[in-house]
Amino acid sequence: MGHPSQRCWKGCSRQTVDDMHDRYEKIPVQVYPEAGEAARRVAAAIAGLIRSRQEEGRDAVLGLATGSTPIPVYRELIRLHHEKGLSFCNVTTFNLDEYSGLDTNHPESYTRFMREQLFDHVDIGEGRTNIPNASGDSAEELENKCAAYEQKIRDAGGIDIQLLGIGRSGHIGFNEPGSPVTSRTRVVTLDRITRLDASADFQGFHNVPRTAVTMGVGTILEADKVFLLAWGKGKADVVRIAAEEPESEVVSASFLQRHSNAEFVLDKAAAGDLTRLRYPWLVDSISWTRRMKRRAISWASGKTEKPILKLVDDDYNESGLGDLIVEGENSYSLNIATFNDFQHTITGWPGGKPDANEETRPEKSTPHPKHAVIFSAEPQDALVGMGATINRLKEQGHHVTLVALTSGNLRVRDQEALKLIRCLKTLGQSEQVSHQLGDHVERLQVSHAEAALNPEVRKLKSAILRAEVVDSASALGVDEEALQFLNLPFYESGRFRQFHVTDADHEAVAKLLEMLNPNLVFVSGSVADPMSPQGIAFQLVAAAIRKFPITADHIWCYRHREEALKPYEIDMSVPISPLQHELKGNALQRLRAVVDLRNEESLNDDRSVAAAYDELGLAEYEAMEVFQRVKVEKL
Ligand code: GLP
């Protein structure tokens with residue numbers, strides 16, 4: 001089996017497509033419309049256990065997870081504690097894992113995470129919370145600590161409910177690919193994908209610890225009840241593999257299939273690659289919508305490696321799409337209708353083409369020009385996701401405003417802040433900054449995690465990113481006056497995986513929207529992890545539009561990193577010429593301070609989507625920026 005991240009856009013490696021019929025869910029899976037509802041259900045199950053044990057005079061033993069995923073569950077448990085009198089006095093907890101070598105006060109240590117996200121807010125007894133400890137002088141010492149952790153779980157009577165997230169490498173806890181099903185608590189080496197995913201939290205890949213301690217797969221499987229939670233499209237691929245493919249050490253979460261009481265709890269986006277949602281015609285008879293036909297026929301095209309217009313009746317039958325033909329159509333007419341559907345998503349006029357027949361165009365031609373408001377969760381997002389389209393909108397005479405909802409300072413490299421301080425020093429103007437930063441300058445030099453969270457350091461980094469974004473936008477034809485930097489408070493007071501949205505955030509976005517009153521809106525992240533800045537930004541914009549309806553019946557979502565759209569998910573694709581792509585590349589190169597902004601990769605993503613259209617037999621373009629339409633009434 002290939003690594004999940006190496007799979008093609010069709011979501012299934014070619015060699016396994018044929019046995020698709022056998023690959024449905026091998027574990028109970030519950031899908032909820034959104035993460036909040038799912039989290040409330042899991043929290044209710046935990047609360048139910050705690051209360052019933054209290055009535056029996058017994059303890060409840062919880063296995064707890066970290067990362068952004070379980071946070072909504074913890075927030076709900078805290079609410080139940082404050083508002084419904086749920087006491088944690090009879091609760092003992094065991095956490096799954098911890099990074100090696102971090103002080104318990106390190107902002108990324110799981111010990112600190114658990115204090116901040118749960119323990120400090122409920123009445124759990126001191127000494128009743130357990131987190132594996134990854135520090136120890138010798139291998140033997142570490143081994144003893146791990147064995148003692150296992151013994152302590154046994155002494156507590158075993159885990160009643162175990163919460164799990166899932167990493168993109170398929171890990172549960174830190175059981176990376178290759179972890180045996182019998183593994184116990186031990187020290188492990190972290191997978192490259194896991195370290196890449198954590199690199200923004202740690203201000204760069206090289207700061208992420210290389211090892212960690214984790215409960216083993218065998219330890220986890222001994223829990224009475226297991227909930228594996230996942231939110232957002234970024235998890236969809238690995239969730240499908242864990243739920244539908246045979247158990248394998250490549251994806252340790254798949255071993256949950258052998259547990260008699262394990263369940264996956266997903267939001268719609270994380271469930272999106274499951275066969276029943278992605279290829280529903282393989283599971284049941286369905287009523288065919290136009291969009292569903294587009295999805296099925298493009299899938300058949302990929303599976304048969306034939307362009308759409310060359311598909312024949314047999315290809316439909318062999319792809320399980322025989323009933324499409326039975327419905328009174330033949331492959332010829334279906335091919336043409338689908339080809340045209342795809343063709344009509346392509347437009348060089350993202351703001352609508354003046355005086356054109358708009359029936360088959362993605363965007364209305366009137367009014368013209370439009371006022372386009374383009375929201376970025378972090379200031380660089382829109383430039384990466386739709387830089388060439390921004391340039392086109394400007395060139396086609398639209399009024400464009402770029403709104404950076406957050407400052408994005410957590411993405412800025414420490415070295416960039418130091419560079420600025422050095423420049424100021426050379427110019428004899430560093431005194432005020434050095435005074436405000438105090439010993440954080442030295443901390444920056446050693447990439448001390450606390451420095452990145454210091455408000456003065458954050459201010460400095462915000463200014464750096466702002467300057468770069470202004471510069472980058474100017475390369476795309478957008479002047480500084482057209483940029484708005486909102487610096488939303490949820491970002492300033494939070495950090496990755498742990499943001500907390502308040503009314504102040506909602507008010508700021510709603511006020512701005514009311515003031516700008518756009519008739520064309522772009523935003524990223526409709527299916528992003530709801531705890532990420534992009535997921536939060538989408539929810540804030542959606543809430544603002546519900547409050548101050550815009551004069552358009554839809555908004556456009558642009559692609560964000562790790563959320564590549566499959567062709568059938570695309571409602572508008574804006575072709576990019578080689579020259580325009582070069583222009584975008586030039587603009588992105590001006591964003592030098594951003595940690596792990598992989599310019600080449602983003603440009604290649606634009607090329608891959610154009611290649612996917614080409615494979616379907618549509619025109620061959622250098623690159624494309626693609627968008628999904630979301631109806632305002634559905635926000
Ligand atoms: C880390 C943790 C896992 C967690 C995973 C996913 O690797 N050790 O327990 O499930 O991250 O994190 P997130 O929930 O932030 O996506």
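Scope of this entry: the structure provided in the associated data block.

What counts, and where the lines are drawn
Residues numbered from 1 in each chain as written. Predicted model: local features only at pLDDT ≥ 70, side-chain atom pairs only at ≥ 80, totals over all residues. Heavy atoms only, no water. Near = heavy atom within 4 Å. Polar contact = N/O pair within 3.5 Å; in protein donor to acceptor, adjacent residues only side chain to side chain. Nonpolar A, V, L, I, M, F, W, Y, C, P; charged D, E, K, R; others polar. Phe/Tyr/Trp six-rings, centres within 6.5 Å; stacked < 30°, edge-to-face > 60°. Helix = DSSP H or I, 4+ residues; strand = E, 2+ residues; numbered from the N terminus. Buried < 20%, exposed > 50% of the residue type's maximum accessible area, 1.4 Å probe, protein only. Lys NZ or Arg CZ within 6 Å of the ring centre and 35° of its normal. Core = buried A, V, L, I, M, F, W, Y, C linked by side-chain atoms within 4.5 Å. Pairing = 2+ DSSP bridges. Axes fitted to C-alpha atoms, helices over the stretch in contact; angles between N-to-C directions. Expected span 1.5 Å × (residues − 1). Bend = angle between axes of the 7 residues up to and from the residue. Contact = heavy atoms within 4.5 Å. Patch = residues over 30% accessible without salt bridge, like charges linked within 9 Å, V, L, I, M, F, W, Y side chains within 5 Å. Areas by Shrake-Rupley, 256 points an atom, 1.4 Å probe, with all protein chains shown as cover. Salt bridge = Lys/Arg side-chain N within 4 Å of Asp/Glu carboxyl O.

This part is about the site of the ligand. Within the structure, the ligand sits among 13 residues, and S68, T69, D97, K235 and R497 are positioned closest to it. A distance of 2.5 Å is found between an oxygen atom of the ligand and a side-chain nitrogen or oxygen belonging to T69. Within the side chain of Y110, one N or O atom sits 3.3 Å away from a nitrogen atom of the ligand. Looking at the shell around the ligand residue by residue, the classes come out as three nonpolar, seven polar and three charged.

Each aromatic ring pair is characterised by the separation of its centres together with the angle its planes make. With the rule as written, the count across this model stands at 16 aromatic pairs. Aromatic side chains F522 and F627 sit 5.5 Å apart centroid to centroid with 65° between the ring planes, which places their arrangement in the edge-to-face category. Taken together, the positions of F522 in strand β14 (residues 520–524) and F627 in strand β17 (residues 623–631) put the pair 105 residues apart, joining distant regions of the chain. Residue class for F627 comes out buried when judged on its relative accessible area of 0%. An aromatic cluster is built from Y99, Y110, F174 and F202, whose rings are joined through pairwise contacts. Here R294 stacks its cationic end above the ring of F342, 5.2 Å away from the centre of that ring.

Looking now at the nonpolar core. One finds I374, L383, M386, I390, L402 and F522 to be the most contacted residues of the largest nonpolar core, which totals 48 residues. Counting residues in each nonpolar core, the second largest holds 36 residues, with V61, A223, F255 and A270 among its members.

A separate point is the sheet that holds strand β8 (residues 211–214). In a beta sheet, neighbouring strands are held together by backbone hydrogen bonds and run either parallel or antiparallel to one another. Here we have three strands laid out as an open sheet, ordered β4-β8-β7, and antiparallel in their pairing. At either end of the open sheet lies a strand with only one pairing partner, and these are β4 (97–99) and β7 (186–189). Each strand axis lies, on average, 25° off the axis of its neighbour in the sheet, ignoring direction. As paired elements, β7 and β8 share four bridges and run antiparallel to each other. Looking at the pairing, V187 lines up with V213 of β8.

We now examine helix α14 (residues 381–395). Along its 15 residues, α14 runs 20 Å from first to last C-alpha, staying within 8% of the 21 Å computed at 1.5 Å per residue. The largest bend in α14 comes to about 80°, at G387. With 13 of 15 residues buried, α14 is to be regarded as a mostly interior element. Directly after α14, the chain includes G397, whose backbone phi takes a positive value near 85°.

Taken in spatial order, the seven strands line up as β13-β12-β11-β14-β15-β17-β16 in an open sheet, and their pairing is mixed. Edge positions in the open sheet fall to β13 (483–485) and β16 (572–576), since each of these has one partner strand only. Ignoring which end each strand starts from, the neighbouring axes of this sheet average 25° apart. Relative to strand β12 (residues 399–404), strand β11 (residues 371–376) is paired through six bridges, and the arrangement is parallel. Counterpart to S376 in the pairing with β12 is A404. The sheet strands contacting helix α23 (residues 578–589) are β16 and β17, and the helix crosses β16 at an angle near 95°.

Another point: the side chain of S472. Looking at the element boundaries, S472 is found in helix α19 (residues 455–475). What S472 contacts, discounting residues up to four positions off in sequence, is L383, A587, L588, R590 and L591.

As a further point, take the pairing of β12. Within β12, five of the six residues are buried, which leaves the element mostly enclosed by the surrounding structure. By the bridge criterion, three bridges tie β12 to β13 in an arrangement that is parallel. The partner of V403 across the bridge, within β13, is Q484.

A cluster of nonpolar side chains, L309, Y332 and I336, forms an exposed patch at the surface whose accessible area comes to about 310 Å². As for its position among the elements, I336 is in helix α13 (residues 331–343).

Secondary-structure assignment places S319 in the loop between α11 (313–318) and α12 (322–326). Classification of S319 by relative accessible area gives buried; the value is 2%. Beyond its immediate stretch of four places on either side in the chain, S319 contacts W281, L282, W299, A300, K303 and T304.

A word on unusual backbone geometry. For the bond running from T366 to P367, omega is -15°, close enough to zero to count as cis. A cis amide bond links H368 with the next residue in sequence, P369, at an omega value of -5°. Note on placement: P369 falls in the loop between α13 and β11. A positive phi angle, near 55°, is found at E305, a position not held by glycine. Counting through the fold element by element, E305 comes out in the loop between α10 (290–304) and α11. We note that R497 has phi near 70°; this positive angle belongs to a residue other than glycine. Along the chain, the position of R497 falls in the loop between α20 (489–492) and α21 (503–516). The exposure class of R497 is partly exposed, given its relative accessible area of 29%.

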